[in-house]
Amino acid sequence: MSTVQTKSAIFLSLSGLLRHPSMRPLVRFGSRMHVFLYRVTGGKAQMAQYPTMLLTVRGRKTGKLFTTPLIYVQDQDRYVIAAAYSGSDRDPIWWLNLQAHPEAELQVLNQRLKVRAALALPAERQRLWQSLSAMYPYFTDYEARTTREIPIIVLTPITEA
């Protein structure tokens, strides 16, 4: 087994472990630390090959704001993310919140934008999925783990009138 295959196998094993419900407190802590480091460094605390944003959404039950680090690809002026949740059979909470409150804020490096979220149109879903999985190949493994179709979300900047 090559070094790349070994690293991939370790990553997928760890990812499978971390999606277990008993690991959620650890995952939440890791996410909070990622958000903190991202903000402190102006987005420089990320791996260059996996562009990361901070997405802040309003909770559908509490109305509180929650921030999640997510990898993304750009599609012209839009940002595209996947609600993969490491291949879980459940949608991530941030996606459930976005469905209830589609207006959100994203931060890419030091730039903050208000955006409106929408599920990718069926006509463009495959192209966007290919773009996401080319940038982050683990998405194809996540897709194989789950019975649900992983939602592809398009974040469109809201222009001020």
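Residues numbered from 1 in each chain as written. Predicted model: local features only at pLDDT ≥ 70, side-chain atom pairs only at ≥ 80, totals over all residues. Heavy atoms only, no water.

### A few points about the pairing of strand β1 (residues 52-58)
Side chains on a regular strand alternate between the two faces of the sheet.
Turning to step 1, where the next piece is worked out: Taking burial as the measure, the 7 residues of β1 include 6 buried ones, the bulk of the element.
Turning to step 2, where the next piece is worked out: Where β1 and strand β2 (residues 65-71) come together, 7 bridges link them in antiparallel fashion. Each residue of the ladder has a partner; that of T56, found in β2, is T67.
Turning to step 3, where the next piece is worked out: Where β1 folds back on β2, the antiparallel hairpin that results is connected by 6 residues, among which G63 adopts a positive phi of roughly 80°. (Buried < 20%, exposed > 50% of the residue type's maximum accessible area, 1.4 Å probe, protein only. Helix = DSSP H or I, 4+ residues; strand = E, 2+ residues; numbered from the N terminus. Pairing = 2+ DSSP bridges.)

### Examining unusual backbone geometry
Turning to step 1, where the next piece is worked out: In the Ramachandran plot, Q76 falls in the positive-phi region, its phi being about 60° despite a non-glycine side chain.
Turning to step 2, where the next piece is worked out: Relative to the elements of secondary structure, Q76 occurs in the loop between β3 (73-75) and β4 (78-82).
Turning to step 3, where the next piece is worked out: Q76 sits in the exposed class, given a relative accessible area of 73%.
Turning to step 4, where the next piece is worked out: Even without being a glycine, S86 presents a positive backbone phi close to 55°.
Turning to step 5, where the next piece is worked out: Residue placement: S86 occurs in the loop between β4 and α3 (93-100).

### Remarks on the sheet that holds β1
Turning to step 1, where the next piece is worked out: What the 7 strands build is an open sheet, ordered β2-β1-β5-β6-β7-β4-β3; its pairing is antiparallel. Because the sheet does not close on itself, it has two edges, and the strands there are β2 and β3. On average, each strand axis in the sheet is tilted by 35° relative to the strand beside it, whichever way the strands run.
Turning to step 2, where the next piece is worked out: When β3 meets β4, the two strands line up antiparallel, connected through 3 bridges. Note on β4: the bridge partner recorded for Q74 is Y79.
Turning to step 3, where the next piece is worked out: The strands that α3 touches are β1, β2, β4, β5 (103-108), β6 (111-119) and β7 (152-157); relative to β1, the one it contacts most, it runs at about 55°. (Axes fitted to C-alpha atoms, helices over the stretch in contact; angles between N-to-C directions. Contact = heavy atoms within 4.5 Å.)

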